[in-house]
Amino acid sequence: MEMETTVVPPSTPRWNVERPFLTGRFHQELKSTSRFADAKALPLDFFSAGLGKAIGCYDAAVQELIVIDDLMSALVGIEGRYIFIKRVHGKEDDITFHVDASMDLALQEFARRMFPLCKSYLVIDQFVESRSQFKNGLVNHAFAAALKALLLDYQAMVAQLEHQFRLGRLSIQGLWFYCQPMMSSMLALSAVAQKATANNYTGSAVLNLLQSQAKAMAGDNAVRSLLEKMTQCASNAYLGILERWVYEGVIDDPYGEFFIAENKSLQKESLTQDYDAKYWRERYSLKQGIPSFLSNIVGTILTTGKYLNVMRECGHNVQVPASENSKLMIFGSNHHYLECIKTAYEFSSSELLSLIKEKYDLMGKLQSIKHYLLLDQGDFLVHFMDIARDELTKKLDAISVEKLQSLLDLALRTTAAAADPCHEDLTCFVETSSLLKRLSTLKDLDMKSVSDITDLEEPMTITGLETFSLSYKVQWPLSIVISRKALAKYQLIFRFLFHCKHVDRQLCGAWQVHQGVRALNACGTAILRSSLLCRSMLKFINSLLHYLTFEVLEPNWHVMHSRLQTAKSIDEVIQYHDFFLDKCLRECLLLLPELLKKVERLKSLCLQYAAATQWLISSSIDIPKAEEACDGSLGFSKPKQWTSRGSSKTLKVMSRNPAVTDSVLNFEREFNAELHSLGPILSNSSQAEPYLTHLAQWILGARNDQ
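Reading the values: rules and limits
Residues numbered from 1 in each chain as written. Predicted model: local features only at pLDDT ≥ 70, side-chain atom pairs only at ≥ 80, totals over all residues. Heavy atoms only, no water. UniProt positions renumbered as here; feature names shortened; annotations may be inferred. Helix = DSSP H or I, 4+ residues; strand = E, 2+ residues; numbered from the N terminus. Buried < 20%, exposed > 50% of the residue type's maximum accessible area, 1.4 Å probe, protein only. Contact = heavy atoms within 4.5 Å. Areas by Shrake-Rupley, 256 points an atom, 1.4 Å probe, with all protein chains shown as cover. Phe/Tyr/Trp six-rings, centres within 6.5 Å; stacked < 30°, edge-to-face > 60°. Polar contact = N/O pair within 3.5 Å; in protein donor to acceptor, adjacent residues only side chain to side chain. Pairing = 2+ DSSP bridges. Core = buried A, V, L, I, M, F, W, Y, C linked by side-chain atoms within 4.5 Å. 1 Å grid on protein atoms, 1.4 Å probe; cavity = no way out; pocket = protein on both sides within 12 Å on 5 of 7 lines; lining within 4 Å. Points joined across faces, edges and corners; volume = space filled by probe spheres on them. Nonpolar A, V, L, I, M, F, W, Y, C, P; charged D, E, K, R; others polar. Axes fitted to C-alpha atoms, helices over the stretch in contact; angles between N-to-C directions. Parallel < 35°, antiparallel > 145°, perpendicular 65-115°, else oblique. Left-handed = near helix turned anticlockwise from the far one by under 90°. Salt bridge = Lys/Arg side-chain N within 4 Å of Asp/Glu carboxyl O. Expected span 1.5 Å × (residues − 1). Bend = angle between axes of the 7 residues up to and from the residue. pLDDT = per-residue confidence, 0-100. Disulfide = S-S within 2.5 Å.

Looking at an unreviewed UniProt entry, one finds the protein named Gamma-tubulin complex component and attributed to Rhizophora mucronata. Under the Subcellular location (unreviewed entry) heading, UniProt states for the protein: "Cytoplasm, Cytoskeleton, Microtubule organizing center". Under the heading Sequence similarities (unreviewed entry), UniProt records this for the protein: "Belongs to the TUBGCP family."

This is the structure we're talking about:
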């Protein structure tokens, strides 16, 4: 949502309106009606009584002199003796001129030809007077100042004509001849003034109006040149605002005319705290009313100032190097202003990119995040899972995050991670829901179907193993790239990988248990069947981990890394980084609910089986206590007192335990059914999602190996 600051301009003193002699209209306001306004209702002898005569009483030569004198006054908005100005109250631009009805018809026709010029002067003069007030903004001030300078030239021309008239060198035809060239220009300017007043245009709307009028006058070079000059003058103030933005990153806009708005309620700290942080997108945003001559480069202008502001927030010098040709100017065949803006953009973009890459070591931070959250270097994780096993197996309300953090710090300090200067930025926390539920709460993710997840019931017991996650401290300005949203995507991938690693460790433990009784004759027993099932499960989870790490994360990381090396701006860096995360989320199955549920079900079966392994083995071996190994770990080595014949007899007796056999068969049946159902889904989905072909090959290969 765009947040604009309400601009309160200084107020114009009331005495500027209440005291008529301070305005240019006092001549008309003091003279509300002409003394000859009702001349037709009075007898002719009434004028001879001393109040004056109707103009028709004079011969044509005298009438011409009187009309020229009155027209001189009308040209500067003053009523004459026989030319009257009529205004409609409340309508500033509704002005009409009237002449004495007794005037010679030829002179009336000449006077009426001059009236549009007289009216244009009044309209422009009124526009200058009203638009010079503070509330109308810098563009109107500049436009009014340009019109005022034009009116001074116009008044100088009228004074020269009056001088010629006093010398007896000006006839009514001569007056029309000299006024005719400026008629079209004054009419065009008065039309602009009327439209701007009627619509209360300010800022870029005035500039667009002037430009559109200039284009409409393409057939009249003089008028078009004049309107372009007015546009140039009116735009100087606007370009001054633009210069400060693209050269310094400052919005110096006292009247709210600039097309870029600043939302000061959005702070940079939100990037590391809010998943839906809008700072980078909406701290500076575009408003309505963009000047037409900037419409094609408006995005570059917005981005240039944003980059400069980031550097200012970092305490970096943000002044674009000045040059002799850095002054922004609109018109010209070489479009110089476009080159200036492009130069400023290239400077700000390269400076900010260099600042973030070199001073703040963006690539080093990303590499560090890859080590920890994408398990690029897993030695610290193995150590952590060993020392934090007891804490991670607790329920959520019983877990001590502080203890987990201390164990994580210990694991980091005692492994190769200690050499990483960024390892102290790593923290841990425990989520309150499972991975599937967490995915369903992130509505902005482009998931195939959310309904498959939203209707999923939360498991009855969730431990730290399902909810443990890592976080990373990111400081400004790196938080522009590694925002809270980006970090949340890293954490989703980490939780999936972490749980897969946990399943793999549990299955490895189960496999070691089977290896401990390998020397015993297990042919035809449940132990042999259980051993084959354990191998199939290990094959599945190892295939999944291989796909995630070597088929998804590593290739995509190298593509992103090479792109970041050639990025030209921070926005390209953000784009490439977000694309990497979204692609990894999708290829890691996290955005494919149907597949993810199947994988989670398979992992759940693996964990249930691994937990039941000790019972299965112990229930299949009956070893006298005196002959048991003293390590309490199910007798991983064959006792010397056993004979092969005796061992075989014991196993054969215990293998007839229906509970053991049924349990192994149930695990095998469920696992094979889930794995079998996963194959067709992968095969069908790989047509729309080609990257699943690799996973299908691994999974189907694991199934066929059984």
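Student: What is the right way to look at the overall build of the protein in this model?
Tutor: Secondary structure summary: the protein contains 26 helices and six strands in total. Across the 706 residues of the protein, 48% fall into the buried class. Of the contacts formed within the protein by residues at least 6 apart in sequence, a portion of 74% connects residues at least 24 apart. Approximately 34300 Å² of the protein is accessible, and the part contributed by carbon and sulfur atoms is 53%.

Student: I would appreciate a short explanation of the packing of aromatic side chains in the present structure.
Tutor: Describing an aromatic ring pair means giving the distance of the ring centres and the angle of the ring planes. Taken as a whole and assessed by the stated rule, the structure comprises 18 aromatic pairs. Centroid distance Phe-468 to Phe-498: 5.2 Å. Interplanar angle 45°. Geometry classified as tilted. You can see Phe-468 sitting in strand E6 (residues 468–472) and its partner Phe-498 sitting in helix H20 (residues 484–516), a full 30 residues away along the chain. Aromatic pair Phe-540 and Phe-671: ring centres 6.1 Å apart, planes at 80°, arrangement edge-to-face. With Phe-540 in helix H21 (residues 526–566) and Phe-671 in helix H25 (residues 658–688), this pair connects stretches of sequence that are 131 residues apart.

Student: Hey, could you run me through the side chain of Ser-348 in this one?
Tutor: Mapped onto the fold, Ser-348 is located in helix H12 (residues 336–359). Of note is the side chain of Ser-348, whose polar atom sits 3.0 Å from the backbone oxygen of Tyr-345. Among residues more than four places away in sequence, those in contact with Ser-348 are Thr-304, Tyr-307, Leu-308 and Met-311.

Student: Got a minute to help me understand the pairing of strand E5 (residues 426–430) in this structure?
Tutor: A regular strand places its side chains on the two faces of the sheet in alternate fashion. Across the two faces of E5 the burial differs, with Leu-426, Cys-428 and Val-430 buried and Thr-427 and Phe-429 not buried at all. Here E5 runs beside E6; their pairing, made up of five bridges, is antiparallel. Residue pairing across strands places Cys-428 opposite Leu-470, the latter belonging to E6.

Student: Would you mind showing me how to read unusual backbone geometry here?
Tutor: A negative phi holds for most residues other than glycine; trans holds for most peptide bonds. Residues Trp-476 and Pro-477 are joined by a peptide bond in cis, for which omega reads 5°. Of note, Pro-477 is situated in the loop between E6 and H20. The phi dihedral of Asn-200 is positive, around 55°, even though this residue is not glycine. Here the phi dihedral of Asp-361 falls at roughly 50°; this positive angle occurs in a residue that is not glycine.

Student: Where do I start with the environment of Lys-485 in this structure?
Tutor: With respect to the secondary-structure elements, Lys-485 resides in helix H20. Look at Lys-485 and you get partly exposed, because its relative accessible area is 23%.

Student: Is there a simple way to think about the nonpolar core in this case?
Tutor: Most often, soluble globular proteins keep nonpolar side chains buried together rather than apart. Within the largest apolar cluster, 116 residues are counted, with the highest numbers of intra-cluster contacts made by Leu-470 and Leu-590. The biggest single contributor to this core is H21, with 16 residues. With residues near it in sequence (within four places) discarded, Leu-470 still touches Tyr-372, Leu-373, Phe-380, Leu-408, Leu-426, Thr-427, Cys-428, Phe-429, Gln-491 and Phe-494. One finds Met-72, Ile-95, Leu-107 and Leu-302 within the second-largest nonpolar core, a separate group that totals 83 residues.

Student: Sorry, what's going on with empty space enclosed by the protein here?
Tutor: Using a probe with the size of a water molecule, rolled over the atoms, empty space left in the structure can be pinpointed. Applying the stated criterion across every chain, the model contains one cavity of 30 Å³ or more. In this structure, the largest cavity spans a volume of roughly 70 Å³. Tyr-279, Trp-280, Arg-283, Tyr-284, Lys-306, Asn-309, Val-310 and Glu-313 together form the lining of the largest cavity. Elements that contribute at least two residues to the lining of the largest cavity include exactly helix H10 (279–282) and helix H11 (298–313). Looking at which element gives the most residues to the lining of the largest cavity, the answer is H11, with four residues. Residues that form the lining of the largest cavity fall into these classes: four nonpolar, one polar and three charged.

Student: How should I be thinking about the packing of helix H5 (residues 105–131) against helix H7 (residues 172–198) in this particular structure?
Tutor: When two helices pack together, you describe them by how their axes are tilted relative to each other and by the distance separating the axes. Two numbers describe how H5 lies on H7: the axes approach to 8 Å, and their chain directions differ by 40°. Relative to H7, H5 is oriented oblique. Handedness of the crossing formed by H5 with H7: left-handed. Looking at the contact of H5 with H7 residue by residue, the classes come out as 20 nonpolar, five polar and three charged.

Student: Is there a simple way to think about the pattern of salt bridges in this case?
Tutor: Close approach of charged atoms allows side chains of opposite charge to pair. Taken as a whole and assessed by the stated rule, the structure comprises 22 salt bridges. Of the charged contacts in the structure, one is a salt bridge between Arg-81 and Asp-70, with a shortest N-O distance of 4.0 Å. Taken together, the residues span a long stretch of sequence, with Arg-81 in the loop between helix H4 (60–74) and strand E1 (83–88) and Asp-70 in helix H4 at a distance of eleven residues. Taking relative accessible area as the criterion, Arg-81 reaches 34% and is therefore assigned partly exposed.

Student: Would you take a moment to explain helix H8 (residues 204–216) for this structure?
Tutor: Think of an α-helix as turning once every 3.6 residues; residues three or four places apart then point the same way. Over its 13 residues, H8 runs 18 Å from end to end, which matches the ideal 18 Å to within 8%, given 1.5 Å per residue. Among the residues of H8, those classed as buried are Ser-204, Val-206, Leu-207, Leu-209, Leu-210, Gln-211, Gln-213 and Ala-214. On the buried face of H8, the contacting elements are helix H6 (137–166), H7 and helix H9 (221–248).

Student: Please clarify how H9 should be interpreted in this entry.
Tutor: In a regular helix each residue adds 1.5 Å, so 28 residues correspond to 40 Å; H9 covers 38 Å between its end C-alpha atoms and thus fits that length. The largest bend along H9 measures about 40° and falls at Asn-236. The first or second residue beyond H9 is Gly-249, which carries a positive phi of 75°.

Student: Got a minute to help me understand the confidence of the model for the protein in this structure?
Tutor: Atomic detail in the predicted coordinates should be set aside for any region of low pLDDT. Residues at a pLDDT of 70 or more form 78% of the protein, whose mean pLDDT is 79. No element of the protein has a lower mean pLDDT than helix H3 (residues 44–51), at 36, and none a higher one than H6, at 92. Throughout residues 30–51 the model reports pLDDT below 50, and contacts reaching past four residues in sequence, or to other chains, amount to 21 contacts. Scored below 50 in pLDDT, residues 453–457 shows eleven contacts in the model against residues more than four places distant or in partner chains.

Student: What is the right way to read the state of the cysteines from this model?
Tutor: Think of a disulfide as a covalent bridge from one cysteine sulfur atom to another cysteine sulfur atom. Inspection of every chain in the model, using the stated rule, returns zero disulfides. In this structure Cys-606 is not part of a disulfide, and its nearest cysteine sulfur, from Cys-534, lies 8.8 Å away. Look at Cys-606 and you get buried, because its relative accessible area is 1%.

Student: I keep staring at the packing of H6 against H9 and nothing clicks. Help me out?
Tutor: The contact between H6 and H9 brings their axes to 8 Å, and the two run at 145°. Crossing angle aside, the handedness with which H6 passes H9 is right-handed. Across the interface between the two elements, Leu-138, Val-139, Ala-142, Phe-143, Ala-146, Leu-147 and Leu-150 from H6 touch Leu-226, Met-230, Cys-233, Ala-234, Ala-237, Tyr-238 and Ile-241 from H9. Here the residues of the contact of H6 with H9 sort into 14 nonpolar, no polar and no charged.

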